[in-house]
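Take a look at the letters that make up each chain.
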Amino acid sequence: MTTSHYIAGRWVEGQGSDCISVNDPALGLPFAEMMAASVAQVDQAVAAAREALPSWKNLGAATRAAFLRGFAEQLGQRREALIALQMRNNGKPRHEAEIDLDDAIATFAYYAELAEQLPEKNREVPLAAPGFTARTRLEPVGVVGLIVPWNFPLVTSAWKLAPALAAGCTVVLKPSEVTPLIEQAYGQIADALGLPAGVLNIVNGKAETGAALSSHNGLDKLSFTGSNSVGSQVMRSASAQCRPVTLELGGKSAIVVFDDCDVDQAVEWIVAGITWNAGQMCSATSRLLVQDGIADALLPRLQQALEKLRVGNPSSEEVDMGPLTSQAQWLKVASYFATAREEGLQCLAGGKALDREGWFVSPTLYADVPVDSRLWTEEIFGPVLCARRFSTEAQAIAEANDSRFGLVATVCSADLERAERVADALEVGHVWINSVQAVFVETSWGGTKGSGIGRELGPWGLSGYLSVKHVTRCMG
Ligand code: NAD
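Quick caveat: nothing in here was measured; it's all calculated off a predicted structure.

### Concerning the pairing of strand S3 (residues 19-24)
Alternating residues of S3 divide into Ile20, Val22 and Asp24, all buried, and Cys19, Ser21 and Asn23, none buried. Adjacent in sequence and paired antiparallel, S3 and strand S4 (residues 29-35) are bridged by four residues, among which Gly28 carries a positive phi angle near 70°.

### Quick word on the side chain of Gln41
Relative to the assigned elements, Gln41 resides in helix H1 (residues 39-57). What makes Gln41 buried here is its relative accessible area of 1%. For Gln41, the side chain forms a polar contact with the main-chain oxygen of Glu13, separated by 2.9 Å. Beyond its immediate stretch of four places on either side in the chain, Gln41 contacts Ile7, Val12, Glu13, Gly14, Gln15, Gly16, Ala36 and Val203.

### A short note on the site of the ligand
Taken together, 28 residues form the shell around the ligand, and within it Val148, Glu177, Ser227, Leu249 and Glu379 come nearest. Here an oxygen atom of the ligand sits 3.1 Å away from a polar atom, N or O, in the side chain of Trp150. Residue Trp445 places a side-chain N or O atom 2.9 Å away from an oxygen atom belonging to the ligand. Mapped onto the shell around the ligand, the elements with two or more residues apiece are helix H7 (207-214), strand S10 (221-225) and helix H8 (228-240).

### Considerations on the sheet that holds strand S22 (residues 466-474)
Strand order in the open sheet made by the three strands is S5-S6-S22, with antiparallel pairing throughout. The open sheet has two edge strands with one neighbour each: strand S5 (124-125) and S22.

### Things to note about the domain arrangement of the protein chain
Under the domain assignment used here, the protein chain contains domain 1 (5-249 + 451-474) and domain 2 (254-442). On a C-alpha basis, the centroid separation for the pair domain 1 and domain 2 is 30 Å. With 33 residues of domain 1 at the contact, the number on the domain 2 side is 32 residues. Around 2,600 Å² of area is buried between domain 1 and domain 2 when both sides are counted, 61% of it from carbon and sulfur atoms. When the buried area of domain 1 at its contact with domain 2 is split by residue, Ala26, Trp150 and Ser451 rank highest and sum to 22% of it.

### Considering unusual backbone geometry
Residue Asp368 is not a glycine yet carries a positive backbone phi of 50°. Mapped onto the elements, Asp368 comes out in the loop between strand S15 (364-367) and helix H12 (374-377). Of the residues examined, Asp368 reaches a relative accessible area of 44% and is grouped as partly exposed. The phi dihedral of Lys449 is positive, around 45°, even though this residue is not glycine. Structurally, Lys449 can be placed in strand S20 (residues 448-449).

### Quick word on the layout of surface pockets
Its boundaries defined by the atoms lining it, the second largest pocket holds a volume of some 250 Å³. Along the walls of the second largest pocket sit 15 residues, with Lys57, Arg64, Asn122, Leu138 and Pro140 positioned nearest its centre. Secondary structure elements with two or more residues in the lining of the second largest pocket: helix H2 (61-77), helix H4 (94-121) and strand S6 (132-140). The element that contributes the greatest number of residues to the lining of the second largest pocket is S6, accounting for four residues.

### A closer look at the sheet that holds strand S13 (residues 287-291)
Read from one edge of the open sheet, seven strands run S14-S15-S16-S13-S12-S18-S19, paired in mixed fashion. Where the open sheet ends on each side, the last strands, each with one partner, are strand S14 (346-349) and strand S19 (430-433). In this sheet, adjacent strand axes meet at a mean angle of 25° when their direction is disregarded. Across the sheet, helix H9 (residues 263-275) is in contact with strand S12 (254-257), S13, strand S16 (384-390) and strand S18 (408-412); its angle to S12 comes to roughly 175°.

### Overview of the environment of Thr443
Looking at the element boundaries, Thr443 is found in the loop between S19 and S20. In sequence terms Thr443 and Arg455 are 12 residues apart; their C-alpha atoms lie 9.8 Å from each other. Not counting residues up to four positions away in its chain, the partners in contact with Thr443 are His430, Glu456, Leu457, Gly458 and Trp460.

### A short note on the packing of H4 against helix H5 (residues 153-167)
Put simply, H4 and H5 touch, their axes get as near as 9 Å, and they point 10° apart. Considering their axes alone, H4 and H5 lie roughly parallel with respect to each other. With respect to the hand of their crossing, H4 and H5 are arranged in right-handed fashion. The segment H4 lies against H5, with Asp100, Leu101, Asp103, Ala104, Thr107, Phe108, Tyr111, Ala115 and Leu118 engaging Leu154, Val155, Ala158, Trp159, Leu161, Ala162, Pro163, Ala166 and Ala167. By residue class, the composition of the contact of H4 with H5 is 15 nonpolar, one polar and two charged.

What counts and what doesn't
Once a new chain begins, its residue numbering starts again from 1 and follows that chain's sequence as written. In view of the model being predicted, local features appear only for residues whose pLDDT reaches at least 70, and side-chain atom pairs are presented and counted only at 80 or more, with totals across whole chains, interfaces and linings using the full set of residues. Based on all heavy atoms of the structure, the side-chain values leave hydrogens and waters out of the count. Exposure classes here rest on a 1.4 Å probe applied to the protein chains alone. A residue is buried below 20% of its type maximum, exposed above 50%, and partly exposed in between. The helix count covers DSSP runs of H or I at least four residues long, the strand count covers runs of E at least two residues long, and both are numbered beginning at the N terminus. DSSP calls a pair of strands paired once it identifies at least 2 bridges connecting them. N or O atoms within 3.5 Å of each other form a polar contact, as long as, within protein, one can give a hydrogen and the other can take it, and as long as residues adjacent in sequence are counted only when both atoms are side-chain atoms. In this description, contact between two residues means that some pair of their heavy atoms is separated by no more than 4.5 Å. When we say a residue is near a molecule or strand, we mean one of its heavy atoms is within 4 Å of it. Start and end points for every domain follow an automatic or database-based domain assignment. By buried area we mean how much accessible surface two parts lose on assembly, using a 1.4 Å probe and totalling the loss over both. Both cavities and pockets are sets of points on a 1 Å grid over the protein atoms alone; in a cavity a 1.4 Å probe fits but cannot get out, in a pocket the set is open with protein on both sides within 12 Å along at least five of seven lines, and lining residues sit with an atom within 4 Å of a point. Grid points are joined across faces, edges and corners, and a volume is the space filled by probe spheres set on the points. The axes used here are C-alpha line fits, helices contributing only the stretch in contact, and every angle between their N-to-C directions lies in the interval 0 to 180 degrees. Orientation is classified from the angle alone, with under 35 degrees giving roughly parallel, over 145 giving roughly antiparallel, 65 to 115 giving roughly perpendicular, and any other angle giving oblique. Put simply, a crossing is left-handed when the front helix is turned counterclockwise from the back one by less than a right angle, and right-handed when it is turned clockwise. Here the nonpolar group is Ala, Val, Leu, Ile, Met, Phe, Trp, Tyr, Cys and Pro; Asp, Glu, Lys and Arg are the charged ones; every other residue, Gly included, is treated as polar.

What follows is the structure, encoded as structure tokens:
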């Protein structure tokens, strides 16, 4: 049983009614338990954040930046433990767990710099009107609730915590009940750095805890990353109080491969885009659009590449892909395999759960998937790739855009002019040209259409936690 909630600068036992079981997905077995926070504890966390707000926001950007640098350093000091925990609780291969940690470190370091630049942004505004002057003042939004999923726990939380703290907000973070131990590190670091009590609070729990936080009337903003179904509930809570909300939701993203590509290179990009984190990525490029001229050469190579991947327990074997992170996700992916069989889809690789302990599935490829197939239109969140052929650039763009989601896309072509043109035409928040899943802290993250509202990362991520005020004076 783990003490699991960090409220007002103290670690406390959960007083909720849910017991959270923390699992090793490679074994399908629990290795820790914790009691969820009660609704009263969520109240305490929000109250602590409210109390801490005035002094934190007035502390000065340079001091806040020093704390953020401290977070980056302390994450580095916990390197081995955090890598091991992600491998054990998420089922991530070591190299992926390392990259997640490095991403989180880079995020805190980046927002430390942006925090230092904040005072310069408070400046006089030139006005055309005679007799008036005005100045801009950027202020923190206030107390912010942060609700995150389980697929990239260190990273997703860093993308919210770092800009929120840089802006001068105080926060209540609710990690996912699937991976509740990983973000404990942020509370431990707050302790180690002497972060003022209440600036960062962490409450763990399931839907009840999330709902208590997202509907809490003590928040000034909510930032949510997760599924569309929960996102719409969170948005309803926000609308009841006319409160700003950032939503990072699901995706069903396209990877478009033109026939001037090197086949082996294209296969590498396609495989990475669907098997990284066992395909449990909002940004998984799960719809492959491949041009007629290269399809017959590419699909068999892709099949071989997927079948060659080493799938296993990252804690005990050298692997390319680990298990799915939860039993619920494993059952969900298996249900899509059943749907594919019912729909009569042509399976070129995988299409089944692995016959071994733990929550493993094989990397999967379906070919010539109809556009009305559930596998083509719905987010599966596993290593399941659906392919279709196209002949013209216009057809590729139309099919890629024919989705209720709009998170990311990848364009693979030796013709860079064409790749740029296609990138401009795609209705998504982020496009990769001849690369895959490369996310840099200076660029934005977020989607169009059903993939969400708002942007994280870069200066846009910081803006999401800032309120713009103008002071206009009549000079008489
Ligand atoms: P989820 O929506 O089930 O849960 C997300 C978080 O919301 C968890 O902390 C959960 O406990 C909490 N929650 C559950 N019910 C709630 C409620 N009624 N009110 C408030 N909070 C509640 O999502 P998940 O299964 O953890 O994550 C997978 C989803 O997240 C996928 O759809 C994926 O695409 C999406 N995702 C999006 C991004 C992005 O940046 N766009 C990144 C990662 C994951």
